[in-house]
Amino acid sequence: MIIRWLLLVLMACAISNGHISSVSLMDDILTDSVERWGSPSRIFYATFVSKNIASYAGFVQQFNRAYFEASNSSVRYFTEETGHNYHASDMRWNKVPIVVELLHRYLAEASTASPTQFIAFFDADILFLRPHFLDDILARRGEWEVLLSEDLLDVANSGFIVTRVSAWSLQFFRRWWEMRHHANTFCDQHVLNALSLQLANEGQLHKLALLPFGAINSQWPPLEHFDPAVDNVLHLLGEFDFVRQAVARYFLEQQNKEKASVVDAADVMQVKVAALKTTFREALARGDVTQSVDIISHVCEMQLRFEGRENHLGIGDDFSVSFIDALSSFLTDVEAQATPRARSALNAQWLQLLALRLKCFPLSDVVSRSSSTATVRLALPIRSTLKRLES
């Protein structure tokens, strides 16, 4: 126990000081996963980890190790190197043929009394917060063969899928994959909408079951809806990669301090805010047009969602002040240049992108319905500069 405590303290210090990266953690986890590939368990967990998410996936999966060890579960991390990148243009599709492969394997082993009864495929940005939560869910047996989470837009969210090892499940995932080029669909969830309609017409929709938000998935925006008192998982869906990295590192640090069970939603939100502030200033400083515009647009959207509404996350009407100050300084520098010719290509491109983005975010509407000084302060300098550019 003392040795384990010392190791946890050393890891917490190394992660906090930046001496252990997410990428190095992920490399160690992948090696360990290969060694444990044959381990039998009632629930077999799987995910796909691409190279472009290694910046945060290592922190997430290191945090999740505690869950898998506590439940004595097998887990496999599929990658490009394992030959499982079946859809390079949209890697969200990889889950479907991977589950088909696993179902083939465990159906073939059924005659040898394999203990594996369920396959759980999860996105690599999902943090497992509560020990044995899936065992508790599966104890409430129903008629379902495939278990998913509700979604705000689609029939279901495919970020966390639990499937029973059965012939029906195998046929379902085969159909899903074969429909991947279905007309007027743009991702795996859109195709799932079409497949669900077919199942309803065939009288088989009851084979799919949906769980509420918090059970195996999160509601978007995840950190604004996060409730650590009841949520089994935290799915960082839709967050910037640098926010995913910061939040996952925070959870891992708390776990290593043995404080993960007392994480507060407001503290997690402040981790995100700090990451937004730091990255925004860095993007402006190095002239990263795309990232700086993405962040300020995201801040605008957050400001409106929180405006005039009490919340437990520490986000108030002054939330965007520090972003406004950094942006105002940037815009002042732009306006100080005498002529459009004198403005750098970077500044012109930045403002053009911002103008295009804000067409979907009308500044006049924001100002007219806003009681927030912060939101007005954000809108007016942008509008003023854009008008000068137009003239």
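Every value quoted in this text rests on a predicted model; they were computed, and no experiment measured them.

Cut-offs applied
Residues numbered from 1 in each chain as written. Predicted model: local features only at pLDDT ≥ 70, side-chain atom pairs only at ≥ 80, totals over all residues. Heavy atoms only, no water. Helix = DSSP H or I, 4+ residues; strand = E, 2+ residues; numbered from the N terminus. Contact = heavy atoms within 4.5 Å. Expected span 1.5 Å × (residues − 1). Buried < 20%, exposed > 50% of the residue type's maximum accessible area, 1.4 Å probe, protein only. Core = buried A, V, L, I, M, F, W, Y, C linked by side-chain atoms within 4.5 Å. Pairing = 2+ DSSP bridges. Axes fitted to C-alpha atoms, helices over the stretch in contact; angles between N-to-C directions.

Participant: Please explain the overall build of the chain as it appears in this structure.
Facilitator: A tally of helices and strands in the chain yields 15 helices and eight strands. Within the chain, counting contacts between residues at least 6 apart in sequence, those at least 24 apart form 72% of the total.

Participant: Quick question: what am I supposed to make of helix H9 (residues 241-256) here?
Facilitator: Each α-helix turn comprises 3.6 residues. Residues three or four places apart therefore point the same way. Compared with the 22 Å implied by 1.5 Å per residue over 16 residues, the 22 Å span of H9 between its first and last C-alpha is a close match. Where burial is concerned, most of H9 is hidden: 13 out of the 16 residues are buried. Where H9 ends, the next residue or the one after it, glutamate 258, has phi of about 60°, a positive value.

Participant: Is there a simple way to explain the side chain of arginine 164 in this structure?
Facilitator: Along the chain, the position of arginine 164 falls in strand E6 (residues 157-164). Using a relative accessible area of 10% as the deciding quantity, one classes arginine 164 as buried. In contact with arginine 164, other than residues within four places in its own chain, are Leu103, Gln117, Phe118, Arg141, Gly142, Trp144, Glu145 and Ser169.

Participant: Is there a simple way to think about the nonpolar core in this case?
Facilitator: Note that soluble globular proteins tend to have their nonpolar side chains buried in a common cluster. Ranked by internal contacts, the top residues of the largest apolar core, which has 62 residues, are Tyr45, Leu134, Phe160 and Phe251. With nine residues, helix H10 (residues 265-286) is the single largest residue contributor to this core. Excluding residues that lie within four positions of it along the chain, phenylalanine 251 makes contacts with Phe63, Leu127, Leu129, Phe226, Leu234, Val263 and Val268. Within the second largest apolar cluster, 32 residues are counted, among which are Ala46, Trp93, Leu148 and Phe172.

Participant: Help me understand the pairing of strand E3 (residues 118-122), please; the structure alone is not making it clear to me.
Facilitator: The side chains of a regular strand alternate between both faces of the sheet. For E3, a buried count of five out of five residues is recorded, marking the element as mostly surrounded by other parts of the structure. The two faces of E3 match: Phe118, Ala120 and Phe122 on one face and Ile119 and Phe121 on the other face are all buried. Summarising the sheet, strand E1 (residues 43-48) and E3 pair through four bridges and their orientation is parallel. When the sheet's bridge partners are listed, phenylalanine 44 is paired in E3 with isoleucine 119.

Participant: Can you walk me through the sheet that holds E6 in this structure?
Facilitator: The strands making up a sheet associate through backbone hydrogen bonding, with each pair oriented either parallel or antiparallel. Strand order in the open sheet made by the six strands is E2-E1-E3-E6-E5-E7, with mixed pairing throughout. Each edge of the sheet is formed by a strand with only one pairing partner; in this case those strands are strand E2 (74-78) and strand E7 (208-211). Pairs of neighbouring strands in the sheet enclose a mean axial angle of 20°, with direction left out of account. With three bridges connecting them, strand E5 (residues 146-149) and E6 associate as antiparallel partners. Directly across from valine 146, in E6, lies its bridge partner threonine 163.

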